[in-house]
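What follows is the residue order along each chain.
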Number of protein chains: 2
Amino acid sequence: MKSLKLSSNMEDYLESIYNLEKFNKVARVKDIAQWLQVKMPSVSGALRVLSRKNLIKHERHGYVELTASGRTIAEQVQQKHQDLTDFFTGVLRINPAQAARDACRVEHVVSRTTMNQIKKFMRKSVNQKKTKKRKKNRYGKKSSR
Amino acid sequence: MKSLKLSSNMEDYLESIYNLEKFNKVARVKDIAQWLQVKMPSVSGALRVLSRKNLIKHERHGYVELTASGRTIAEQVQQKHQDLTDFFTGVLRINPAQAARDACRVEHVVSRTTMNQIKKFMRKSVNQKKTKKRKKNRYGKKSSR
DNA sequence: TATAATTATTAGGTACGCCTAACTTCAACC
DNA sequence: GGTTGAAGTTAGGCGTACCTAATAATTATA
């Protein structure tokens, strides 16, 4: 391991590469820049750092690719992002656009503990809803929606 | 208005001054440093910035005091902090220490919209609990605790 | 009141992350 | 194969926020 803790910004770069690989097949400097709303030289700089940490593979003027360890980190961040978005929209009833914006920023600062509790809470809410429905049906009341 | 958006760090400085004024009557450079786990020169630097923005009053070697506008910001941040802490402990069942740590970081990145929904959600949970209790009592079951 | 200890400031340096401007490389087309 | 435009890199600069070391001011104590 080169260094253990990754900055929020570097996590964002990894996450954007991950998403671009997923949606565009390949990740290019220009697309990363556009995704993150920064200029290309900022991306070049970041890629140099991530390369040195062996989180990406990147040859001059070539596509950017995640390494296995880079992918692991990206997936973790992405998962947090997804879980937070679900929580914000599903539980807190935030509109999707705002939920995404908040998730983007919260995902870098929220603890593992809290993420776990959030997921636990969501599982519980789902069960409660199911239970409610069952009860209503059992008592012959019309189910909501 | 000098400049509109304050960095997370500057918000932290304001918040710590606010808390120190509240708990210690006065805020001193040394105490701020201790509170935020930074060295005194970092505090001196930050205070210069906040002074220029008219958010604090600070004469060389004197106590630090919030101005009206500084206090307003500090109170807003502090309120978010409190609401998030309540949410984390009360709803998500996070232990108080971890809740405080998360609140400290989330308070700077979460949107107003989401904060509002969090508060709404908490009010709703409280009501639901009350309702449950009432129901239980009405049906003659022993109330929890 | 002079000295010691504490508190605060200034000076100067580092790391990060962004930018613009200038240059290079690549690919695509004539 | 040379030209041209897009994509990418390098160079150099800026702002933020932290640090250590050195210095200054204040407060406490002998």
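Conventions and cut-offs
- Every chain's residues receive numbers from 1 upward, in the order its sequence appears when written.
- Naming scheme: in the order in which they are written, chains are lettered from A and ligands are numbered from 1.
- Confidence filtering applies because this is a predicted model: local features only for residues at pLDDT of at least 70, side-chain atom pairs given and counted only at 80 or more, and all residues used for totals across whole chains, interfaces and linings.
- Heavy atoms from the whole structure form the basis of all side-chain values; hydrogens and water molecules are not counted.
- Numbering of helices and strands runs from the N terminus; a helix is a DSSP stretch of H or I covering at least four residues, while a strand is a stretch of E covering at least two.
- Burial status follows relative accessibility: with a 1.4 Å probe on protein chains alone, a residue under 20% of its type maximum counts as buried, one over 50% as exposed, and anything between as partly exposed.
- In what follows, a contact means two residues having at least one pair of non-hydrogen atoms within 4.5 Å.
- Areas reported as accessible are Shrake-Rupley estimates using a 1.4 Å probe. Residue values count occlusion only from the protein chains shown.
- Within the patch definition used here, like charges are joined within 9 Å and nonpolar side chains (Val, Leu, Ile, Met, Phe, Trp, Tyr) within 5 Å, considering only residues with over 30% relative accessible area and no salt bridge.
- What counts as a salt bridge is simple: a side-chain nitrogen of Lys or Arg found within 4 Å of a carboxyl oxygen of Asp or Glu.
- Here the positive residues are Lys and Arg and the negative ones are Asp and Glu; neither His nor the chain ends is included.
- In this description, the location of a charge corresponds to atom NZ of lysine, CZ of arginine, CG of aspartate or CD of glutamate.
- Defined in terms of a 1.4 Å probe, buried area is the accessible area two parts forfeit on being brought together, summed over both.
- Nitrogen and oxygen atoms within 3.5 Å of one another constitute a polar contact, given that in protein one can donate a hydrogen and the other can accept it, and given that sequence-neighbouring residues count only through two side-chain atoms.
- We place the copies in one frame by least squares, fitting the C-alpha atoms of every residue whose pLDDT is at least 70 in both.

Peer 1: So what's going on with the overall build of chain A? Which residues, and what values?
Peer 2: For chain A, the helix and strand inventory stands at six helices and two strands. Its helices and strands in sequence order give chain A the pattern α-α-α-β-β-α-α-α, from N to C terminus. Among the 145 residues that make up chain A, the fraction classed as buried is 39%. Long-range contacts, defined as pairs at least 24 residues apart, comprise 51% of the intrachain contacts of chain A with a sequence gap of at least 6. Counting only carbon and sulfur atoms, one obtains 51% of the accessible surface of chain A, whose full area is about 9500 Å².

Peer 1: Explain a positive patch on the surface to me, using residue names and the numbers behind them.
Peer 2: Together, Arg-93 of chain A together with Lys-120, Arg-123 and Lys-124 of chain B make up a positively charged patch on the protein surface. Its location among the elements puts Arg-93 of chain A in the loop between helix H4 (68-91) and helix H5 (96-106).

Peer 1: Tell me about the interface of chain B and chain A, residues and numbers included.
Peer 2: Where interface size is quoted, it is often the accessible area lost as the parts come together. Each partner contributes to the interface: chain B provides 18 residues, whereas chain A provides 18 residues. Taking both sides of the interface into account, the surface hidden between chain B and chain A amounts to around 1600 Å²; carbon and sulfur atoms contribute 64%. Where chain B meets chain A, there are zero salt bridges. Between the two partners, chain B and chain A, sit 10 residue pairs in polar contact (both at pLDDT 80 or more).

Peer 1: Talk me through unusual backbone geometry; I want residue IDs and the actual numbers.
Peer 2: With a phi close to 65°, His-61 of chain A is a non-glycine residue in the positive phi region. Residue position: His-61 of chain A is located in the loop between strand S1 (56-58) and strand S2 (64-66). Assessed through its relative accessible area of 76%, His-61 of chain A is described here as exposed. With phi around 75°, Lys-25 of chain B is a residue other than glycine that occupies positive phi space. Mapping Lys-25 of chain B onto the fold places it in the loop between helix H1 (8-24) and helix H2 (29-36).

Peer 1: Which residues make up the relation of the copies chain B and chain A, and what are the values?
Peer 2: When chain B is fitted to chain A, the best match, at an RMSD of 0.1 Å, comes from turning it 179° and sliding it 0.0 Å along the axis. As the rotation angle and translation indicate, the two copies are arranged about a two-fold axis. Identified as the residue of chain B closest to the rotation axis by C-alpha distance is Val-106 of chain B, at 3.1 Å. Mapped onto chain A, 100% of the interface residues of chain B again fall at the interface, so both copies present the same surface.

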